[in-house]
Amino acid sequence: DAGITQSPRYKITETGRQVTLMCHQTWSHSYMFWYRQDLGHGLRLIYYSAAADITDKGEVPDGYVVSRSKTENFPLTLESATRSQTSVYFCASSDGRGSGKNIQYFGAGTRLSVL
Amino acid sequence: QQQVKQSPQSLIVQKGGISIINCAYENTAFDYFPWYQQFPGKGPALLIAIRPDVSEKKEGRFTISFNKSAKQFSLHIMDSQPGDSATYFCAASIRGGTSYGKLTFGQGTILTVHP
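Residues numbered from 1 in each chain as written. Chains lettered and ligands numbered in written order. Predicted model: local features only at pLDDT ≥ 70, side-chain atom pairs only at ≥ 80, totals over all residues. Heavy atoms only, no water.

A. Representation of the sheet that holds strand 1 (residues 4-7) of chain B within the structure. Residue and element names in this part refer to chain B. The strand order across the open sheet formed by 5 strands is 1-3-8-7-6, and the pairing between neighbours is antiparallel. On the outer flanks of this sheet lie strand 1 and strand 6 (56-59), each paired with one strand and no other. Strand-to-strand twist in this sheet, taken as the mean axis angle between neighbours without regard to direction, amounts to 15 degrees. Bridge analysis of strand 3 (residues 19-25) against strand 8 (residues 72-77) gives 6 bridges, and the strand direction is antiparallel. Bridge assignment links Ala24 to a residue of strand 8, and that residue is Gln72. (Pairing = 2+ DSSP bridges. Helix = DSSP H or I, 4+ residues; strand = E, 2+ residues; numbered from the N terminus. Axes fitted to C-alpha atoms, helices over the stretch in contact; angles between N-to-C directions.)

Structural data, given as structure tokens:
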């Protein structure tokens, strides 16, 4: 399927476990982003990437790790999950060129519960 | 640090009425102001956007009003319909340089349109 897909859609884990959320896009967009959505905070940027092997921290990076070995994939790993990381996580991508530079296309999200 | 403040948190409007959502920003380097619409269980999607060289942009029933001197912008939804019931996010970004089109989001407004 074309577009941006996230997996899993729902995940329940326990405190201290490692969790990886997957994001895959088929547009060959250069830029990819990870956000978390919490009530009262809107969407906050965790990490972003301008291209394969280029990543940088966003507003709330602590406790998260990303990698981008291929343009189409941008996994987000919680190294040791904490209850405060219970949230809805969104991946987004952007063409990064011309008038489309600032348009971000979002996946459907992953709802993560840390018990 | 919340660089984009959005109000109200929730809004209830009758069908046919006007919905107004306001945002204020702090960073004068912002030069792109989009609004995203999010339906339950879905990721946000771009609704309409404006650049600071214009004071108003209209697309169908949706209008952005922009006041550069006050560092404020707002979304007006005319003839609001039940299908407009969603969460709306304002955002801001810097188009140039190394910003990669990173978006800073407001806290979100849950709009309910009663039939």
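We are not done yet, so read on.
B. Just the interface of chain A and chain B, in detail. Taken together, the contacts link 22 residues of chain A with 24 residues of chain B. Approximately 1,900 Å² of surface area, both sides summed, lies buried where chain A meets chain B, with 56% of it carried by carbon and sulfur atoms. Between chain A and chain B we count 0 salt bridges in total. Every element with two or more residues in the side of chain A that touches chain B is listed here: strand 4 (31-38) and strand 5 (42-51) of chain A. With 5 residues, strand 5 of chain A is the largest single contributor of residues to the side of chain A that touches chain B. For the side of chain A that touches chain B, the per-class residue count stands at 11 nonpolar, 8 polar and 3 charged. (Contact = heavy atoms within 4.5 Å. Buried area = accessible area lost by both parts, 1.4 Å probe. Salt bridge = Lys/Arg side-chain N within 4 Å of Asp/Glu carboxyl O. Nonpolar A, V, L, I, M, F, W, Y, C, P; charged D, E, K, R; others polar.)

As far as function goes, none of this settles anything; it's purely spatial.
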